[in-house]
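Each chain is listed here by its residues.
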Amino acid sequence: TTALVLSLLVPTQGCTTLLLGKDATVDGSVIATHSNDGEAVTDPRLVRIPAADWPAGSTRPVWPSPEDYPRYVGSARGASPYYAVGGENETAPVGAIPQVNHTYAYFEETYGTLSEVQLGIGESTCSGVFDARGVEAGGAALFSIDELSKIAMERAASSREAVQIMGELAVAHGFHGQSDSLE
C-alpha cells in the first residue's frame, strides 16, 4: 500500500495498470483497470464498437494507431462518435486482414478494453526500442498493440485466445511500437 501511495506522488508520462485478484476484494470480484496517460494528447473517448456479422471473404481494415486525437474518423467501424463532422477527412486504413464471420461488441479507447464476453485487456507502457517501423511510418510492420488489442476484443472469447490471436497476427504481419518512437 505504501509503495502505491508513493508511486502516485511521482510525476510520470506513462500509463498505469492496476489488477486486483478475487482474494483482494471484499466481494471476490476481479478488477483490472488502466490509465491511458500518454503524453496528454491521447483521444480520451470511450467508444462502443457494435457486434457485427460479415459476409464470407470480407476483409478487416487495419487502422493506423496515432495515439492522439482523433484516433479514427469515419463510419466503417459502426460507431457514431467517430463519424466525420464539419469536413474532417476519414481515416485511411494502412492494410487489411481476412475478416471473421462474427465480431463481438467491445469498448475501446486507444486500446481495446472490454468485450461483450467479458474479455478485458490492460496495457502497461514499456520503454522498448523496436527495430520495426509501422507501414504508416514507411516500414513493413502492420500492427501496433493498439490495433492488436482491438482485434482481440472483436474475435476472442478468452484471454488465452486473445494472446494467441495477437501473437499470430504480429508474427504474420509485423509488430511495431509507437510510430514516432524511431524518428
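See the structure shown above.
Residues numbered from 1 in each chain as written. Predicted model: local features only at pLDDT ≥ 70, side-chain atom pairs only at ≥ 80, totals over all residues. Heavy atoms only, no water.

A. Structural context of the pattern of salt bridges. Per the stated rule, a full pass over the model turns up seven salt bridges. R77 is paired through a salt bridge with E108; the nearest N and O atoms lie 2.5 Å apart. With R77 in the loop between β5 (59-62) and β6 (95-98) and E108 in strand β8 (residues 106-108), the pair connects residues that are 31 residues apart, well separated along the chain. On the basis of relative accessibility, which here comes to 0%, the residue E108 falls in the buried class. Taken together, the shared-partner salt bridges in this structure form one network comprising D43, R45, R71, R77 and E108. (Salt bridge = Lys/Arg side-chain N within 4 Å of Asp/Glu carboxyl O. Helix = DSSP H or I, 4+ residues; strand = E, 2+ residues; numbered from the N terminus. Buried < 20%, exposed > 50% of the residue type's maximum accessible area, 1.4 Å probe, protein only.)

B. Geometry of the layout of surface pockets. In this model, the second largest pocket occupies a volume close to 230 Å³. For the lining of the second largest pocket, the element with the most residues is β5, which contributes three residues. Here the residues of the lining of the second largest pocket sort into nine nonpolar, four polar and three charged. (1 Å grid on protein atoms, 1.4 Å probe; cavity = no way out; pocket = protein on both sides within 12 Å on 5 of 7 lines; lining within 4 Å. Points joined across faces, edges and corners; volume = space filled by probe spheres on them. Nonpolar A, V, L, I, M, F, W, Y, C, P; charged D, E, K, R; others polar.)

C. Main features of the environment of P55. Relative to the helices and strands, P55 resides in the loop between β4 (52-53) and β5. Judged by its relative accessible area of 55%, P55 falls in the exposed class. As for P55 and V100, which are separated by 45 residues in sequence, their C-alpha atoms are 8.6 Å apart.

D. Quick look at helix α3 (residues 159-173). For α3, which comprises 15 residues, the first-to-last C-alpha distance of 21 Å matches the rise-based estimate of 21 Å (1.5 Å per residue) to within 8%. Within α3 the residues assigned to the buried category are A162, I165, M166, L169 and A170. One side of α3 holds all its buried residues, which, seen down the axis, span an arc of 125°. In α3, those exposed residues whose orientation departs by more than 90 degrees from the buried face are R160, V163, V171 and A172. Buried positions along α3 lie against β6 and α2 (145-155). (Expected span 1.5 Å × (residues − 1). Arc of directions from axis to C-beta. Contact = heavy atoms within 4.5 Å.)

E. Spotlight on the nonpolar core. Membership of the largest hydrophobic core comes to 22 residues, with the highest contact counts inside it found for I49, Y82, I97, F143, L148, I151 and L169. Here this core gets five residues from one element, more than from any other, and that element is α3. Contact partners of I151, with chain neighbours within four places excluded, come to R60, I97, F143, I165 and L169. (Core = buried A, V, L, I, M, F, W, Y, C linked by side-chain atoms within 4.5 Å.)

F. Looking closely at empty space enclosed by the protein. Tallied over the entire structure, the rule returns two cavities of 30 Å³ or more. In this structure, the largest cavity occupies an estimated 70 Å³ of space. Lining the largest cavity are W63, P64, S65, P66, E67, R71, Y72, R77, T110, D146, E147 and K150. Taken together, the residues of the lining of the largest cavity sort by class into four nonpolar, two polar and six charged.

G. Molecular detail of the packing of α2 against α3. At their nearest, the axes of α2 and α3 sit 9 Å apart, and the two run at 135° to each other. Judged on the interaxial angle alone, α3 and α2 are oblique. Crossing handedness for the pair α2 and α3: right-handed. On the side of α2, the interface is formed by I145, L148, S149, I151, A152 and R155, while α3 contributes E161, A162, I165, M166, L169 and A170. By residue class, the composition of the contact of α2 with α3 is nine nonpolar, one polar and two charged. (Axes fitted to C-alpha atoms, helices over the stretch in contact; angles between N-to-C directions. Parallel < 35°, antiparallel > 145°, perpendicular 65-115°, else oblique. Left-handed = near helix turned anticlockwise from the far one by under 90°.)

H. How the structure looks around the sheet that holds strand β9 (residues 112-115). Taking strand neighbours across the sheet as the criterion, the three strands line up as β3-β8-β9 in an open arrangement whose pairing is antiparallel. The outermost strands of the open sheet, each flanked by one partner alone, are β3 (47-49) and β9. Mean inter-strand twist for the sheet, computed between neighbouring axes without regard to direction, equals 30°. Taken strand by strand, α2 contacts β8 and β9, and its axis lies near 5° from that of β9. (Pairing = 2+ DSSP bridges.)

Geometric descriptors of this kind do not, in isolation, establish any biological role.
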